[in-house]
Structure formats: structure tokens, C-alpha cells
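One-letter residues, chain by chain:
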Amino acid sequence: MEGGILPADYPMSVNAVSGYTGGGKQMIAQMENPDAADAITAPHFLYGLTLSHKHVAELQTHGLLDRRPLFSPSVGRFAQGMLVQVPLFLGDLNGSPSLADLHAALEKHYAGAGVVEVVPYAEGIARTRVDPTELNDTNRMKLFVFGTEGGGQANLVAVLDNLGKGASGAAVQNMDLMLGKAA
């Protein structure tokens with residue numbers, strides 16, 4: 001991790017739940033038509049059970065990890081929205097940071113980022129739940145640091161709208177970066 005907090009050999013685990021539109025036309029039809037032969041009626045389901053999801057390589061590369069991360073993706077019965085969780089054991093991180101230290105590192109890294117908001121620490125820890133649909137129809141992402149100070153564990157959580165985060169959304173964001181616009 002760029003900030004030096006996350007050791008390259010950390011046993012990273014990432015859990016994510018996204019709305020079903022992220023699965024494309026076939027999954028949309030399966031979720032929205034209960035009469036279809038291949039209908040999905042589950043309120044929530046896991047996939048990528050072989051632990052070889054296509055995003056594992058980019059998690060490892062962009063996370064600057066020597067060790068292959070464990071990625072557990074799932075789909076919920078909501079059209080769009082996404083929650084991504086990264087649970088951490090603070091004692092296994094460089095310098096045994098506190099929750100406030102993690103929050104400060106995220107704030108420093110994302111300072112000036114137009115679409116990424118690191119939710120103020122006090123506001124984040126006061127929450128009792130996070131809704132994966134709260135940023136629907138936006139291009140924004142909120143980052144939270146959850147846990148109990150002194151408890152030795154943290155849960156980093158991102159909430160975003162998964163719709164528009166595919167190839168076309170990435171192309172627009174890359175163009176913005178090339179034009180010098182804040183991401």
C-alpha cells in the first residue's frame with residue numbers, strides 16, 4: 001500500500017456485494033423474470049467460488065501485494081449499488097495503526113479527489129449500517145473506516161454505484177485524468 005501501512009505479504013481479504021445489473025443483460029433477465037427457466041430467486045448469492053475471479057490480479061497489482069488476495073464477490077437483489085469491505089487486523093499492519101491513523105492515511109491519499117469522499121471519522125463510526133444504494137445515479141464513492149478503537153480490527157468499506165463503473169465509465173474517468181481533471 002502506498003502509505004506504507006499495509007505490508008506486501010498481508011493476507012488480504014475483500015468481500016463485495018453488488019447490484020444485479022452488474023451481471024449484464026442475462027443476469028438482469030434472470031433476476032427480473034421469475035418465470036424464466038434460469039430465474040434467480042435468491043435474495044443474495046455468492047459467485048466466484050473458485051477464488052479465481054478476474055479482479056484478483058488487479059487487486060494484487062494495485063494493492064502492491066506480494067500475496068494473492070482472497071476476493072469473495074456476491075450479488076444482492078437490488079438493481080444497482082455496491083459495498084466493498086476490506087477487513088484488517090491492525091496488529092498485523094506496519095506500525096499497528098489505530099482506526100484514526102487509517103482514516104488519516106485515506107484522507108491524505110484522496111485529498112482533492114473530486115469523486116472520492118473519505119467520510120469524516122466521527123460520522124462513520126456513528127453509523128449503524130451502510131446502504132449499498134445510497135450513491136445510486138452518481139459517480140461518487142464514499143470510504144469509511146469502521147471498528148472499535150482499541151479493538152485491534154478495522155473494516156474499510158467503500159460504497160458506490162456499480163452501474164457506470166464498467167468499461168465506458170472507466171474510459172470517461174481516464175479521459176478526465178488525461179485532461180487534468182480531478183478524479
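The model shown is predicted, which means the values in this text are computed figures rather than measured ones.

1. Structural notes on helix α3 (residues 99-110)
In step 1: For α3, built from 12 residues, the straight-helix expectation of 16 Å at 1.5 Å per residue is met to within 8% by its first-to-last C-alpha distance of 17 Å.
In step 2: Within α3 the residues assigned to the buried category are Leu 99, Leu 102, His 103 and Leu 106. Down the axis of α3, the buried side of the element spans an arc of 100°, and every buried residue falls inside it.
In step 3: In the core, the buried residues of α3 are packed alongside β4 (82-89), β5 (116-118), α4 (121-126), β6 (141-146) and β7 (153-160).

2. Let's talk about helix α1 (residues 24-32)
In step 1: If you check which residues of α1 are buried, you get Met 27, Gln 30 and Met 31. Projected down its long axis, α1 shows its buried positions confined to an angular sector of 95°, all on one face.
In step 2: Where α1 is buried, its residues contact β2 (44-46) and β3 (70-76).

3. Some thoughts on the sheet that holds β7
Sheet strands pair by backbone hydrogen bonding; their relative direction is either parallel or antiparallel.
In step 1: Read from one edge to the other, the open sheet built from 7 strands follows the order β2-β3-β1-β4-β7-β6-β5, with strand pairing classed as mixed. For this open sheet the edge positions go to β2 and β5, each flanked by a neighbour on one side alone. Each strand of the sheet is rotated relative to its neighbour by a mean of 20°, with strand direction disregarded.
In step 2: Relative to β3, strand β1 (residues 13-19) is paired through 7 bridges, and the arrangement is parallel. Each residue of the ladder has a partner; that of Ser 18, found in β3, is Val 75.
In step 3: Contacts from α3 reach β4, β5, β6 and β7, with the element oriented near 160° to β6.

Criteria and cut-off values
- Residues numbered from 1 in each chain as written.
- Predicted model: local features only at pLDDT ≥ 70, side-chain atom pairs only at ≥ 80, totals over all residues.
- Heavy atoms only, no water.
- Helix = DSSP H or I, 4+ residues; strand = E, 2+ residues; numbered from the N terminus.
- Expected span 1.5 Å × (residues − 1).
- Buried < 20%, exposed > 50% of the residue type's maximum accessible area, 1.4 Å probe, protein only.
- Arc of directions from axis to C-beta.
- Contact = heavy atoms within 4.5 Å.
- Pairing = 2+ DSSP bridges.
- Axes fitted to C-alpha atoms, helices over the stretch in contact; angles between N-to-C directions.

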